[in-house]
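# Remarks on the overall topology
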Amino acid sequence: MGYNVKPYMFLMCALGFVAVLMMGMPSWTGESTTLTAAYLVMQFYGSSADCLTDALVVKSGQKDEEDSTSSLQSISWFMLGVGGAVFGLLGGYLSTDEKAYKGVSLPGARTYNLLMAIFPLGLFVLLFFVKEDKTKIRPSFKVLGQQLIRLGVALFSPPFIVLRLIAWLLITGAARFSLSVPSTIFSTTNLDIAPNVQSWIDACSYFALSLGVLVYYRFFRHTSFRYIYGASQVMIGVFGLMDYVLVKRWNVQLGIPDVPFLFFSGAMAEVIDRLHSMPFLIMAGQLCPQNMEATFFSALMSISNQGTTIGQFVGSAVQKAYNMSEKDISIYDQAILLKAGCTVACILIVFLIPDTNAMNPTNAETIKPTNPTLKALFKWAELDTDDEKKIEEGVK
């Protein structure tokens, strides 16, 4: 077809549509093996489509170096929040059944999956209207090697902006370690939250995600990434103490029921988290060298996810150190305080973040190699195209 992204998007959408449809059809997924396979394919579709969509967003954003990356990333995440909120409300409606609250399988869950099939099908149709420049480049081992070399050079070239960003992501991910196990145990044993109410809380959080994107785009585009990261990191740690208030039941003592408290704390946490993550998304888009947007952006996003994974391991170590188990989470509150303290302490390494903003981009030119050997290697690794002018501009 001559395109970099669209053929793979068509394939992923087709696979995703079939997998999600199977999840919604009991006669198709009667066995656990089939259901598991459909679930894995659905996750593969989600991650692949996300990566390829980001590549299109980044490539479009690079056409206007001043503001497009910020605008397109904001629009993308705003619509994600709106979609999540709508389906969160729908999930709450479908879960409004007393049987679900007693642990019985709910037919509404199958209906929800059937409705979710609208997304890959709709995306498949919309792809016919997406414009993408054709390319003469064909996949080969040489192209793969060139991409890997350019990725390595971009990572290890002074002033090491990408490596500093990676270090920040991994360290802060470890500091915001996961306490999901004691949190789930506490919620199921101490809070009376029905499944439909939880879906509405999730929908509220998605609305807050969209609100966070709007707040960033309206008020903080000109603010230094370093300042935003530092301030939001402290706020995440402080608002993490809302869990401490919930565990101590102070909200009940103040006359605030659990459900309104969870609505408020979840929404505020999502707004702050979105303010915290928007600079990374914009920087990742700005830093992508031409012709390897999908490779570079997906690599950065994967590393960001590794920060979350490290946080899960650290969380398990903390729970073991505190001797927490399914039968005893009596010191869960102390673990919350430790997590909040570690999160706030990351302000000490905020110097790793470039002191720039969305309107003064840290673009791919910043990470071009200056060392003669690396420069020659980077030039060799440039992908061949019919447009020699683009190649010359790319290696200047």
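Just above, that's the structure.
Residues numbered from 1 in each chain as written. Predicted model: local features only at pLDDT ≥ 70, side-chain atom pairs only at ≥ 80, totals over all residues. Heavy atoms only, no water.

## Side note on the overall build of the protein
- Within the protein, the secondary structure is distributed over 18 helices and zero strands.
- Of the roughly 20,900 Å² that the protein leaves accessible, carbon and sulfur atoms contribute 65%. (Helix = DSSP H or I, 4+ residues; strand = E, 2+ residues; numbered from the N terminus. Areas by Shrake-Rupley, 256 points an atom, 1.4 Å probe, with all protein chains shown as cover.)

## Section: the packing of aromatic side chains
- Evaluation of the coordinates by the stated rule reveals six aromatic pairs.
- When the centroid spacing of 5.5 Å and the interplanar angle of 80 degrees are considered together, the rings of Tyr244 and Trp250 count as edge-to-face.
- Residue Tyr244 is classed as buried on the basis of its relative accessible area, which comes to 16%.
- Given the relative accessible area of 39%, Trp250 is considered partly exposed.
- What links up through ring pairs into an aromatic cluster is the set Phe10, Phe124 and Phe128.
- Positioned over the ring face of Phe219 is Arg218, at 5.2 Å from the centre of the ring. (Phe/Tyr/Trp six-rings, centres within 6.5 Å; stacked < 30°, edge-to-face > 60°. Buried < 20%, exposed > 50% of the residue type's maximum accessible area, 1.4 Å probe, protein only. Lys NZ or Arg CZ within 6 Å of the ring centre and 35° of its normal.)

## Description of helix 8 (residues 161-175)
- Given a rise of 1.5 Å per residue, 15 residues ought to cover 21 Å, and the 21 Å separating the end C-alpha atoms of helix 8 matches this to within 8%.
- Of all the positions in helix 8, only Ile161, Val162, Leu165, Ile166, Trp168, Leu169, Thr172, Gly173, Ala174 and Ala175 are classed as buried. (Expected span 1.5 Å × (residues − 1).)

## Focus on the nonpolar core
- Judged by nonpolar contacts, the single largest core of 38 residues is most densely connected at Trp168, Tyr229, Phe280 and Phe296.
- Looking at this core, the elements with two or more residues in it are helix 7 (141-156), helix 8, helix 10 (195-219), helix 11 (225-239), helix 14 (258-287) and helix 15 (293-321).
- For this core, the element with the highest residue contribution is helix 14, accounting for ten residues.
- In this structure, Trp168 is in contact with Tyr229, Gln233, His276, Cys346, Ile349, Val350, Leu352 and Ile353, ignoring residues within four places of it in sequence.
- In terms of nonpolar packing, the next biggest core, distinct from the first, is built from 22 residues, Ile185, Ile193, Leu262 and Ala335 among them. (Core = buried A, V, L, I, M, F, W, Y, C linked by side-chain atoms within 4.5 Å. Contact = heavy atoms within 4.5 Å.)

## Thoughts on the packing of helix 12 (residues 241-248) against helix 16 (residues 332-345)
- At their nearest, the axes of helix 12 and helix 16 sit 9 Å apart, and the two run at 165 degrees to each other. By the angle between their directions, the pair helix 12 and helix 16 is classed as roughly antiparallel. Of the two elements, helix 12 crosses helix 16, and the hand of that crossing is left-handed. Two secondary-structure elements touch here, helix 12 through Leu241, Asp243, Tyr244, Val247 and Lys248 and helix 16 through Tyr332, Asp333, Ile336, Leu337 and Ala340.
- When its residues are assigned to classes, the contact of helix 12 with helix 16 shows seven nonpolar, no polar and three charged. (Axes fitted to C-alpha atoms, helices over the stretch in contact; angles between N-to-C directions. Parallel < 35°, antiparallel > 145°, perpendicular 65-115°, else oblique. Left-handed = near helix turned anticlockwise from the far one by under 90°. Nonpolar A, V, L, I, M, F, W, Y, C, P; charged D, E, K, R; others polar.)

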